[in-house]
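Next come the chains, spelled out residue by residue.
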Amino acid sequence: MSVSLHSASPHSVPLPDPAAPASVSPGAATSLLDAYHPATDRFVATPHRTLLGRGTAAVIPDDSRPPAVRVRETLDGLRRPGAAAPVVVGALPFAPDGPTALAVPDMVHWAPPLREDPLVALPVPHDGDRPDWRVTEVPSPERYGAAVAAAVARMRAGEFDKVVLARSLELTSGHAPDLPAMLRRLARRDPSGYTFAVPSGPGRTLIGASPELLVARRGGRLTANPLAGSAPRSEDLAEDVRRAVALLESEKDLHEHAVVVAAVREALAPFCATLQVPERPTLVRTAAMWHLSTTVTGELADPDTATALDLASALHPTPAVCGTPTDLARRVIAESEPFDRGAYTGMVGWQDADGDGEWVVTIRCAEAEGNTLRLFAGAGVVAASTPEAETAETAAKFRTFLHAVGASL
């Protein structure tokens, strides 16, 4: 499979079929990872493929039409006879009226997934001196805990069922962070996850390693993988196993997960001829966290009218990143969080002009601008939550990115 960085056509490399036998191409995926340049590129790695988009052939307009409509119109206009379907790459925000950051690259290069590249297991090359970060917690742990306690009191009074409350870390240093080195560390730490680096606005880059697939579509088949209910990993094997078992038996976390799965089922059912939803969750792990996980699959009733982004837009925001009921949870978030989420808890990914694509929930991420990194982490708050537990959960989730940048709380 070619991964040349000098393709003559923007879309001359065909999309790999994840159902086909894996082609052994040592270095194919890591070469795209190592070639990433933040000024010109968009990088997305998933368990099925690695994508590097270079340059900008078109920007998806930001207007009042649904994003899926704008993407479909732009990609249809770029189709060329005999060429592979053009591809859009980028991010959409948490807020429904927020600005999107979607573009069609000049050149798109595909490779097998990072997890199948044996070179991804090699030690990360020395990337030079890391910045001496100054870390500011926004809000402070005390203010965050107070917001959790206030939300719990409202839920126990029957006002709403769940809200996801986030906090952020602002990291500043004397010089701009090395984003390519940061991306390499994120990808090599969790090569089976979803790693991304895309422009999110003028002078800003969204970079992260999410564990959660919002939805993927290939032809008439869809897959969604909601995660809700979490526990931090432990370096001690016995304790790590104990935490995993406890999570699978946690009444509070199982209820939180069931609410999310029910919402995913309700959102996807109108698009599907068949939909398979397992009765109980399983576990998925990252380097830092255990998560309750359910893999939902379905056959589309009419693939011509439901692109990957149509499906993702119907799902977003799930209770896993917002709460229930959605409109009230959004208001609680706006009242409780002293910052604009921007792209955090939005979605990031890709889609081609045939409607196939993968969209990921934008978590375990940061936004880089100048000499500043803004990291985000959230926790699902339900009536059984405690301020101490949710504050500890967000601290554990920050570890993915803090490890990548060489900082600590």
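Figured I'd write up the structure that's included with this text. (Residues numbered from 1 in each chain as written. Predicted model: local features only at pLDDT ≥ 70, side-chain atom pairs only at ≥ 80, totals over all residues. Heavy atoms only, no water.)

## Regarding the sheet that holds strand β20 (residues 357–361)
Next up, step 1: As summarised here, the arrangement of the 9 strands in space is β3-β5-β4-β19-β20-β11-β12-β17-β14, forming an open sheet in which the pairing is antiparallel. This sheet does not close on itself; its edge strands, each paired only once, are β3 (58–59) and β14 (272–276).
Next up, step 2: Note that β3 and strand β5 (residues 101–104) share 2 bridges and pair antiparallel. Bridge pairing in β5 places A58 opposite V104. (Pairing = 2+ DSSP bridges. Helix = DSSP H or I, 4+ residues; strand = E, 2+ residues; numbered from the N terminus.)

## Examining the pairing of strand β11 (residues 213–218)
Next up, step 1: With respect to burial, β11 is a largely interior element, 5 of its 6 residues being buried.
Next up, step 2: With 3 bridges connecting them, β11 and strand β12 (residues 221–224) associate as antiparallel partners. In the strand pairing of β12, R218 is matched with R221. (Buried < 20%, exposed > 50% of the residue type's maximum accessible area, 1.4 Å probe, protein only.)

## Let's talk about the pattern of salt bridges
Next up, step 1: Following the criterion strictly, the structure yields 24 salt bridges and no others.
Next up, step 2: Note that R79 is salt-bridged to D76, the shortest N-O span being 3.7 Å.
Next up, step 3: Here the salt bridges share partners, and the residues they tie into one network are D62, D63, R65, R70 and E73. (Salt bridge = Lys/Arg side-chain N within 4 Å of Asp/Glu carboxyl O.)

## Some thoughts on the sheet that holds strand β13 (residues 227–232)
Next up, step 1: Strand order in the open sheet made by the 3 strands is β13-β16-β15, with antiparallel pairing throughout. Edge strands, defined here as strands with exactly one partner in the open sheet, are β13 and β15 (282–285). Sheet twist, expressed as the mean angle between neighbouring strand axes with direction ignored, is 30 degrees.
Next up, step 2: Of the pairings in the sheet, the one linking β15 to strand β16 (residues 289–293) comprises 4 bridges and is antiparallel in character. By the bridge assignment, R285 is partnered in β16 with W290.
Next up, step 3: Sheet strands in contact with helix α5 (residues 237–249) are β13, β15 and β16, and its direction is about 30 degrees off that of β16. (Axes fitted to C-alpha atoms, helices over the stretch in contact; angles between N-to-C directions. Contact = heavy atoms within 4.5 Å.)

## As for the pairing of strand β1 (residues 41–45)
Taken residue by residue, a regular strand's side chains alternate between the two faces of the sheet.
Next up, step 1: Burial analysis of β1 places 5 of its 5 residues in the buried class, the great majority of the element.
Next up, step 2: Of the two faces of β1, both are covered, the one formed by D41, F43 and A45 as well as the one formed by R42 and V44.
Next up, step 3: Note: β1 against strand β2 (residues 50–54), 5 bridges, orientation antiparallel. By the bridge assignment, A45 is partnered in β2 with T50.
Next up, step 4: For β1 and strand β9 (residues 194–201), the ladder comprises 3 bridges, and the chain directions are antiparallel. Counted as the bridge partner of F43 is A197 from β9.

## Concerning the state of the cysteines
Next up, step 1: Scanning all chains against the criterion turns up 0 disulfides.
Next up, step 2: In this structure C322 is a free cysteine whose sulfur lies 16 Å from that of C365, the closest cysteine sulfur available.
Next up, step 3: We classify C365 as buried; its relative accessible area is 2%. (Disulfide = S-S within 2.5 Å.)

## Thoughts on the side chain of T294
Next up, step 1: Relative to the helices and strands, T294 is located in the loop between β16 and β17 (296–300).
Next up, step 2: A polar side-chain atom of T294 sits 2.7 Å from a polar atom in the side chain of H257.
Next up, step 3: T294 has contacts with A224, N225, P226, H257, V261, P278 and P281, leaving out every residue within four places of it along the chain. (Polar contact = N/O pair within 3.5 Å; in protein donor to acceptor, adjacent residues only side chain to side chain.)

## Details of the nonpolar core
Next up, step 1: Ranked by size, the top nonpolar core spans 60 residues in total, and within it L268, L309 and W359 carry the most contacts.
Next up, step 2: In terms of nonpolar packing, the next biggest core, distinct from the first, is built from 34 residues, Y36, V120, A197 and L402 among them. (Core = buried A, V, L, I, M, F, W, Y, C linked by side-chain atoms within 4.5 Å.)

## Quick look at the layout of surface pockets
Next up, step 1: Size it by volume and the largest pocket reaches roughly 700 Å³.
Next up, step 2: Forming the walls of the largest pocket are 35 residues, and the residues nearest its centre are P47, H48, Y194, L213 and N225.
Next up, step 3: At the level of secondary structure, the elements contributing two or more residues to the lining of the largest pocket comprise β10 (204–210), β11, β12, β15 and β20.
Next up, step 4: For the lining of the largest pocket, the residue count by class is 13 nonpolar, 11 polar and 11 charged. (1 Å grid on protein atoms, 1.4 Å probe; cavity = no way out; pocket = protein on both sides within 12 Å on 5 of 7 lines; lining within 4 Å. Points joined across faces, edges and corners; volume = space filled by probe spheres on them. Nonpolar A, V, L, I, M, F, W, Y, C, P; charged D, E, K, R; others polar.)

## Some details on the environment of A368
Next up, step 1: Structurally, the position occupied by A368 is in strand β21 (residues 365–369).
Next up, step 2: Taking the relative accessible area as the measure of exposure, A368 reaches 6% and is therefore buried.
Next up, step 3: C-alpha of A368 to C-alpha of L268: the two residues are 100 residues apart in sequence and 34 Å apart in space.
Next up, step 4: Residues in contact with A368, not counting those within four places in the same chain, are L179, G203, R204, T205 and L373.

## Section: empty space enclosed by the protein
Next up, step 1: Counting across every chain of the model gives 5 cavities of 30 Å³ or more.
Next up, step 2: Along the wall of the largest cavity there are 19 residues; nearest its centre are L227, A320, I363, G378 and K397.
Next up, step 3: Put simply, the parts of the chain that give the lining of the largest cavity at least two residues each are β13, β22 (372–381) and α9 (387–405).
Next up, step 4: Top contributing element to the lining of the largest cavity by residue count: β13, with 4 residues.

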